[in-house]
Amino acid sequence: FFLTYNSIIMNILVGKLNPQTTEQQLEKHFNSFGFITAVDIIKESYSGDSLGYGYVLMPNLEEAEAAIRKLNGTSLDGHAIFVSKASQNSSRYRL
């Protein structure tokens, strides 16, 4: 197993999600760009309701960057989503 530049896992922030959007729908929206390691929609701990954002992990840097460029502003479940590379401050993201 060799680690190359393209195999660095990129954590992608996806915001402005419809509260009804599922992790499966989010994964399907990103699937055409390449392999996805994980998808996680952040939920309120007590109610379990979506907080309107989540993360997609992609192990190929070029595929992840293409997904960010092409999916930012696209419609998913009737909402124009925000897509960017996640930063350390992304956990503070809100609608």
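Owing to the predicted nature of the structure, the values given are computational and were not obtained by experimental measurement.

What exactly am I supposed to notice about the nonpolar core here?
Proteins that are soluble and globular tend to have nonpolar side chains buried together. One finds Ile12, Val14, Leu26, Phe30, Val56, Met58 and Val83 to be the most contacted residues of the largest nonpolar core, which totals 21 residues. Elements represented by at least two residues in this core include exactly strand E1 (10-15), helix H1 (23-31), strand E2 (38-43), strand E3 (50-58) and helix H2 (61-71). Tallying contributions element by element places H2 first for this core, with six residues. The residues contacting Val56, other than those within four sequence positions of it, are Met10, Asn11, Ile12, Val14, Leu26, Phe30, Ile36, Ala38 and Val39. Counting five residues, the second-largest nonpolar core is a separate cluster that includes Ile42, Tyr53, Tyr55 and Ala86.

What's the story with the sheet that holds E2 in this structure? I'm lost.
Where strands meet in a sheet, backbone hydrogen bonds hold them as pairs that are either parallel or antiparallel. If you trace the four strands from one edge of the open sheet to the other, you get E2-E3-E1-E6, paired in antiparallel fashion. Every other strand in the sheet has two partners, leaving E2 and strand E6 (82-85) as the edge strands with one partner each. The sheet shows a mean angle of 20° between the axes of neighbouring strands, taken without regard to direction. As paired strands, E1 and E6 are joined by four bridges and run antiparallel to one another. Of the residues in E6, the one forming a bridge with Val14 is Val83. The sheet strands contacting H1 are E1, E2, E3 and E6, and the helix crosses E2 at an angle near 135°. Contacts between H2 and the sheet are confined to E1, E3 and E6, with E1 contributing the most and set at about 15° to the helix.

Looking at this model, I keep getting lost on the packing of aromatic side chains. Mind explaining?
Taken as a whole and judged by the stated rule, the model has one aromatic pair. Pairing Tyr53 with Tyr55 gives two aromatic rings, centres 6.0 Å apart and planes at 80°, and the pair type is edge-to-face. Residue classification places Tyr53 among the buried positions, given a relative accessible area of 4%.

Got a minute to help me understand the pairing of E2 in this structure?
Here is the key point about a regular strand: its side chains alternate between the two faces of the sheet. Sheet topology note: the E2/E3 ladder contains five bridges and is antiparallel. In the strand pairing of E3, Asp40 is matched with Tyr55. Hairpin connection from E2 to E3: six residues lie between these consecutive antiparallel strands, with Gly48 at a positive phi of about 80°.

What is the right way to look at the pairing of E3 in this model?
In terms of residue burial, E3 counts as a mostly covered element, since seven of its nine residues are buried. Across six bridges, E1 lies against E3 in antiparallel orientation. Its bridge partner being in E3, Asn11 is matched across the sheet by Leu57.

Cut-offs applied
Residues numbered from 1 in each chain as written. Predicted model: local features only at pLDDT ≥ 70, side-chain atom pairs only at ≥ 80, totals over all residues. Heavy atoms only, no water. Core = buried A, V, L, I, M, F, W, Y, C linked by side-chain atoms within 4.5 Å. Buried < 20%, exposed > 50% of the residue type's maximum accessible area, 1.4 Å probe, protein only. Helix = DSSP H or I, 4+ residues; strand = E, 2+ residues; numbered from the N terminus. Contact = heavy atoms within 4.5 Å. Pairing = 2+ DSSP bridges. Axes fitted to C-alpha atoms, helices over the stretch in contact; angles between N-to-C directions. Phe/Tyr/Trp six-rings, centres within 6.5 Å; stacked < 30°, edge-to-face > 60°.

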